[in-house]
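A closer look at the structure
Spelled out, the chains give:
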Amino acid sequence: MEQNLSTYCHKFLIKLSPNFIAFLLKSEKLAEQSVKDTAFRLFVWAGKQTGYAHTLDCYVSLIEVLSVSSDFDRISCIFGELKDKSFLINVNAANSLIRSFGNLGLVEELLWVWRKMKESGVEPSLYSYNFLINGLVNAMFIESAERVFEVME
C-alpha cells in the first residue's frame, strides 16, 4: 500500500493534507476492525510526507479506529505522540478521546484529556460529563464517577 501511494502521489504531484487523512480515518471502511492495520499504516505513511504534520483531528480519528479493536499497544504509542504535541484541545476532540479511553478503561489517559480540557479553557458539554462518568464506571472508579456527577449538577 505504502509504495503504491508514494508512487501515485509522486507521479501526479499530489500531497495528501492532514484534513484528508483525518477524513479517510473517519470513513466507515477504515473504522471496521478488519482494516485497523490499514488505518495505522496510512497514518504512519502520511506522517512521512515531506512538510506534513498530523493535526489533532488525525490523532483523534486514529485513536477512535484503534479503540474499536482494543489495540492498546498502538493506542499507547499514538497517545504518547499526541501528548508530546502542543495541540489546543477542543470539545469535540476531547469528547471523542474521553469516550474512546473510557470504553477501554484507560483512566489515566481519560483524566489527562480532562485536565487538558480544563487547562485549555474548554467547557465540558453534557456529552463530556456523560463520557467521563461512563469511563470512570467502566474502570470501577465509582466514587470518582459520583463526585463528577455532583459537580455536574
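First, a word on what this report is: a plain description of the structure on this page. (Residues numbered from 1 in each chain as written. Predicted model: local features only at pLDDT ≥ 70, side-chain atom pairs only at ≥ 80, totals over all residues. Heavy atoms only, no water.)

**Considering helix H2 (residues 18-26)**
Of all the residues in H2, the buried ones are Ile21, Ala22 and Leu25. Down the axis of H2, the smallest arc covering the buried residues is 100°, so these residues share one side. Of the exposed residues in H2, the ones pointing more than 90 degrees away from its buried face are Asn19 and Phe23. (Buried < 20%, exposed > 50% of the residue type's maximum accessible area, 1.4 Å probe, protein only. Helix = DSSP H or I, 4+ residues; strand = E, 2+ residues; numbered from the N terminus. Arc of directions from axis to C-beta.)

**Some words on the environment of Ala46**
Relative to the helices and strands, Ala46 resides in helix H4 (residues 36-47). Look past the residues within four positions of Ala46 in its chain and what remains in contact with it is Ile21, Tyr52 and His54. (Contact = heavy atoms within 4.5 Å.)

**Details of the pattern of salt bridges**
A full pass over the atoms with the stated rule returns six salt bridges. In this structure, the salt-bridge partner of Lys26 is Asp57, at a minimum N-O distance of 2.9 Å. You can see Lys26 sitting in helix H2 and its partner Asp57 sitting in helix H5 (residues 56-68), a full 31 residues away along the chain. Of the residues examined, Lys26 reaches a relative accessible area of 46% and is grouped as partly exposed. Among the charged side chains, a network of salt bridges with common partners joins Lys36, Asp37, Asp71 and Arg74. (Salt bridge = Lys/Arg side-chain N within 4 Å of Asp/Glu carboxyl O.)

**Notes on the packing of aromatic side chains**
On inspection of all chains with the given rule, the structure shows seven aromatic pairs. Pairing Trp114 with Tyr129 gives two aromatic rings, centres 5.4 Å apart and planes at 65°, and the pair type is edge-to-face. Remark: Tyr129 occurs in helix H9 (residues 126-138) and Trp114 occurs in helix H8 (residues 107-119); sequence separation between them is 15 residues. Tyr129 shares its class with Trp114; the two are buried. Directly above the ring of Phe131 sits Arg99, whose terminal nitrogen or CZ lies 5.1 Å from the centroid. (Phe/Tyr/Trp six-rings, centres within 6.5 Å; stacked < 30°, edge-to-face > 60°. Lys NZ or Arg CZ within 6 Å of the ring centre and 35° of its normal.)

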